[in-house]
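# Observations on the three-dimensional arrangement
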Amino acid sequence: MRYCLLSALLIGIHLGTLWFFSDGVYHGGANVPLRRFPEDVDVFFILTFTPTFIGLKFLAYDSAVRAITKGYRPAAVMVVFIAGYVVALAMEIAFLIAASRPIADSGFALLGSILQTPFVLLLAGAVVAGLALKKDFPPQT
């Protein structure tokens, strides 16, 4: 359910920024009304890109962390998990906004989602794995 809400939020942000950077910003004093929203918006891309590339990446991150920690949930693990999630989500939003400008293309969002945010999630996952595996070390005497 959380990933459906995340996908809906990102789709809304993407459509909102496409509308914000539409004709009204560059060719007039106000944005175009929603009823005259440009017809050249690739709705198929917007409705498929976010749930597949972004939503499934966060789902894989969550599943990997759950598999590694196996119910071990101290505060440090949860802070790193949430911090990685929030940083990657903020980067995704920035890429979607950058890809919504008229001079940009959807490749910015695609490259950011494939080449940059996985590193944040991998780094956070590695820290979580290190914290979870540290609990199994024998005590030092």
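Structure first, text after, so check above.
In this report, we go over the structure that sits alongside the text. (Residues numbered from 1 in each chain as written. Predicted model: local features only at pLDDT ≥ 70, side-chain atom pairs only at ≥ 80, totals over all residues. Heavy atoms only, no water.)

## A short note on the overall build of the protein chain
- For the protein chain, the helix and strand inventory stands at 5 helices and 0 strands.
- Helices and strands in the protein chain line up, N terminus first, as α-α-α-α-α.
- Looking at the protein chain alone, contacts between residues at least 24 apart form 70% of all its contacts between residues at least 6 apart.
- Carbon and sulfur atoms make up 72% of the accessible area of the protein chain, which amounts to about 8,700 Å² in all. (Helix = DSSP H or I, 4+ residues; strand = E, 2+ residues; numbered from the N terminus. Contact = heavy atoms within 4.5 Å. Areas by Shrake-Rupley, 256 points an atom, 1.4 Å probe, with all protein chains shown as cover.)

## Overview of the packing of aromatic side chains
- This model, assessed by the stated rule, comprises 3 aromatic pairs.
- Between Tyr-61 and Phe-81, the aromatic rings sit 5.1 Å apart at their centres with planes inclined by 10°, giving stacked as the arrangement. Pair noted here: Tyr-61 is in helix 3 (residues 43-69) and Phe-81 is in helix 4 (residues 75-99), with a separation of 20 residues, a long-range link.
- Owing to a relative accessible area of 6%, Tyr-61 belongs among the buried residues under this scheme.
- Taken together, the ring pairs connect Phe-58, Tyr-61, Phe-81 and Tyr-85 into an aromatic cluster. (Phe/Tyr/Trp six-rings, centres within 6.5 Å; stacked < 30°, edge-to-face > 60°. Buried < 20%, exposed > 50% of the residue type's maximum accessible area, 1.4 Å probe, protein only.)

## Thoughts on the packing of helix 1 (residues 2-20) against helix 3
- Between helix 1 and helix 3, the least distance of the axes is 9 Å, while the angle of their chain directions is 145°. The way helix 1 lies across helix 3 gives a crossing that is right-handed. Along its contact with helix 1, which presents Arg-2, Tyr-3, Leu-6, Ser-7, Leu-10, Ile-11, His-14, Leu-15 and Leu-18, the element helix 3 presents Phe-45, Ile-46, Leu-47, Thr-50, Pro-51, Ile-54, Gly-55, Phe-58, Leu-59, Asp-62 and Arg-66.
- Looking at the contact of helix 1 with helix 3, its residues break down into 13 nonpolar, 4 polar and 3 charged. (Axes fitted to C-alpha atoms, helices over the stretch in contact; angles between N-to-C directions. Left-handed = near helix turned anticlockwise from the far one by under 90°. Nonpolar A, V, L, I, M, F, W, Y, C, P; charged D, E, K, R; others polar.)

## Thoughts on the pattern of salt bridges
- Inspection of every chain in the model, using the stated rule, returns 2 salt bridges.
- Here Lys-57 makes a salt bridge to Glu-92, at a shortest N to O gap of 2.4 Å. With Lys-57 in helix 3 and Glu-92 in helix 4, this residue pair connects regions lying 35 residues apart in the sequence.
- Since its relative accessible area comes to 1%, Glu-92 is described here as buried.
- For Arg-66, the salt bridge identified is with Asp-62, shortest N-O distance 3.1 Å. With Arg-66 and Asp-62 both in helix 3 and 4 residues apart, this pair spans about one turn of that helix. (Salt bridge = Lys/Arg side-chain N within 4 Å of Asp/Glu carboxyl O.)

## Focus: the nonpolar core
- Membership of the largest hydrophobic core comes to 20 residues, with the highest contact counts inside it found for Leu-6, Leu-10, Ile-54, Phe-58, Tyr-61, Tyr-85 and Leu-96.
- Looking at this core, the elements with two or more residues in it are helix 1, helix 3, helix 4 and helix 5 (107-134).
- With 7 residues, helix 4 is the largest single contributor of residues to this core.
- In this view, Leu-6 contacts Phe-58, Tyr-85 and Leu-89; residues no more than four positions away in its chain are not counted. (Core = buried A, V, L, I, M, F, W, Y, C linked by side-chain atoms within 4.5 Å.)

## Side note on the side chain of Ser-7
- Locating Ser-7 in the fold gives a position in helix 1.
- Discounting residues that sit within four places of it in the chain, Ser-7 has contacts with Thr-50, Pro-51 and Gly-55.

## With respect to the environment of Ile-54
- Mapping Ile-54 onto the fold places it in helix 3.
- Between the C-alpha atom of Ile-54 and that of Pro-118, which follows or precedes it by 64 residues, the distance is 9.9 Å.
- Residues in contact with Ile-54, not counting those within four places in the same chain, are Leu-10, Phe-49, Glu-92, Leu-96 and Ser-113.

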